[in-house]
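Structural overview
Listed here are the chains, written in short residue letters.
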Amino acid sequence: MGRPEGARASTAEASAVARERTRPDSPHALRARLEETGYLLDEDLAVACFLAVRLHRPVFCEGEAGTGKTALASALARALDAPLIRLRCYEGIDVTQALYDWDFPRQLLHLKVAEAGGVGDTELLERQLHSPRFLIARPLLRALTTWPSVLLVDEVDRADEEFEALLLELLSEWTVTVPELGTLRGERPPVVVLTSNRTREVHDALKRRCLYHWFDHPDFAREVAIVRRRLPDVTERLAVEVTRAVRALRARDLLKPPGVAETLDWAEALHALGATALDAELATATLGAVLRCHEDVEAARTLDLTASPAEAPPGGRAPDGAP
Ligand SMILES: Nc1ncnc2c1ncn2[C@@H]1O[C@H](COP(=O)(O)OP(=O)(O)OP(=O)(O)O)[C@@H](O)[C@H]1O
Ligand SMILES: [Mg+2]
């Protein structure tokens, strides 16, 4: 048998309060929690995330492909012990996919049942049809009414400018107006992560609501650490050599330079083939795991990806930690 409604509510409140109490009290503490989830980050990003949580300001993540923009949102959700609510943007996305919609088939069913039962009060029927039970909450509304939660608005640059305006309104007011129901307001704003690959410039007004963070490729040491963390079965030597080779590829003028995602894919592919180090033949045979463009693969075939980096100063370390 279920617990009484009141008991359930107070248990939910208590656990929400407990979660609030365990919220990180410094960027350092949040960074430690994010790293526990396997997401490795620098101090600047930790500060941005901490402020996002504290000040209810979205983090606007822009940068190179495969550098951990999307992964940040899932790591934050895990670090804060909150559900991740994800909205992937695309051209033409609108209110009914992003905010809310009405459950038309159920409304129709309700109408048929009412008609069969001889309900003649059309005003009452109209009110019933537009009551919350027929409302489908899409990600933005779900996030607004779920606390705590982490809302990921992924690849916002793919959406149209009208959608940006909608988003701006939501992120400024933290309310949603459904004409038939009135204004819906959440208890507290969610933690919001917006990502963009900069396929177009996102409007300044939206960016101004946010804390901006540019995602570059990590330095050598962090990238090796990410590989080691994400793929613990890969040998350290393979992780180092693959990361070094990926950096050599990035230094070329490629059409699609590989991101961290590709470093991980390549290391995983090589490990699956039994490699414990990177040899030239295997590197060439597995280029498809790291490069996804014919011209880039052709260009990479001419390189010696197992060569030691020329950038390292003799007897020392490169400025970014490369050996
Ligand atoms: N700092 C990091 N710590 C741990 N894993 C990372 C980090 N950065 C990237 N990754 C890993 O790299 C992969 C790619 O990351 P993600 O998909 O978040 O990149 P992205 O920036 O969103 O790329 P895109 O622009 O293509 O959408 C994921 O498997 C992610 O876990
Ligand atoms: Mg992404």
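Computed from a predicted model, the values in this text were never measured in an experiment. (Residues numbered from 1 in each chain as written. Chains lettered and ligands numbered in written order. Predicted model: local features only at pLDDT ≥ 70, side-chain atom pairs only at ≥ 80, totals over all residues.)

What to know about the nonpolar core
Here is the rule: Think of a nonpolar core as buried Ala, Val, Leu, Ile, Met, Phe, Trp, Tyr and Cys residues chained together by C-beta atoms that fall within 7 Å. A residue is called partly exposed when the number of other C-beta atoms within 10 Å of its own lies between 12 and 20, exposed at 12 or fewer, and buried at 20 or more, with C-beta atoms placed from the backbone. What counts as a domain boundary in this text is fixed by an automatic or database domain assignment. Our contact criterion uses C-beta atoms placed from the backbone: two residues qualify when those atoms are within 7 Å.
Grouped together as the largest cluster of nonpolar side chains are 76 residues, with contacts concentrated most on Cys49, Leu76, Val150, Val153, Val193, Val242 and Ala267. Two domains each provide a minimum of three residues to this core, namely domain 1 (18-92 + 144-215) and domain 3 (220-301). Those residues within four positions of alanine 267 in sequence are excluded, and the remaining contacts are Val227, Leu231, Val234, Leu238, Ala239 and Val242.

Re the sheet that holds strand E2 (residues 84-88)
Selection rule: Pairing between strands requires that DSSP locate at least two bridges from one strand to the other. Each helix is a run of H or I in the DSSP string that is no shorter than four residues. Each strand is a run of E no shorter than two, and both are numbered from the N terminus. For helices, the axis comes from a line fit to the C-alpha atoms of the stretch in contact; other axes are also lines fit to C-alpha atoms, and the angle between any two N-to-C directions lies between 0 and 180 degrees.
One open sheet accounts for five strands, arranged E2-E5-E8-E1-E9; its pairing is parallel. Looking at which strands have only one partner, the edges of the open sheet turn out to be E2 and strand E9 (211-215). Neighbour to neighbour, the strand axes of the sheet diverge by 20° on average, direction disregarded.

Here's the deal with the site of ligand 1
Put simply, the rule reads: Each residue receives a C-beta atom built from its backbone; the residue is near a molecule or strand if that atom lies within 6 Å of it.
As a structural note, the neighbourhood of ligand 1 is formed by 19 residues, with Gly68, Lys69, Thr70, Ala71 and Ala261 the closest of them. Listing elements by their share of the shell around ligand 1, those giving two or more residues are helix H4 (69-79), helix H11 (220-230) and helix H13 (260-272).

A few points about unusual backbone geometry
Across the junction of tryptophan 147 and proline 148, the peptide omega takes the value -5°, indicating a cis bond. The phi dihedral of histidine 56 falls on the positive side, at around 55°, and the residue is not glycine. By secondary structure assignment, the location of histidine 56 is in the loop between helix H3 (43-55) and strand E1 (59-63). Here the phi dihedral of aspartate 81 falls at roughly 55°; this positive angle occurs in a residue that is not glycine. Considering the arrangement of structural elements, one finds aspartate 81 in the loop between H4 and E2. For aspartate 81, a count of 13 C-beta atoms within 10 Å translates into the label partly exposed.

Purely geometric numbers; function is a separate question.
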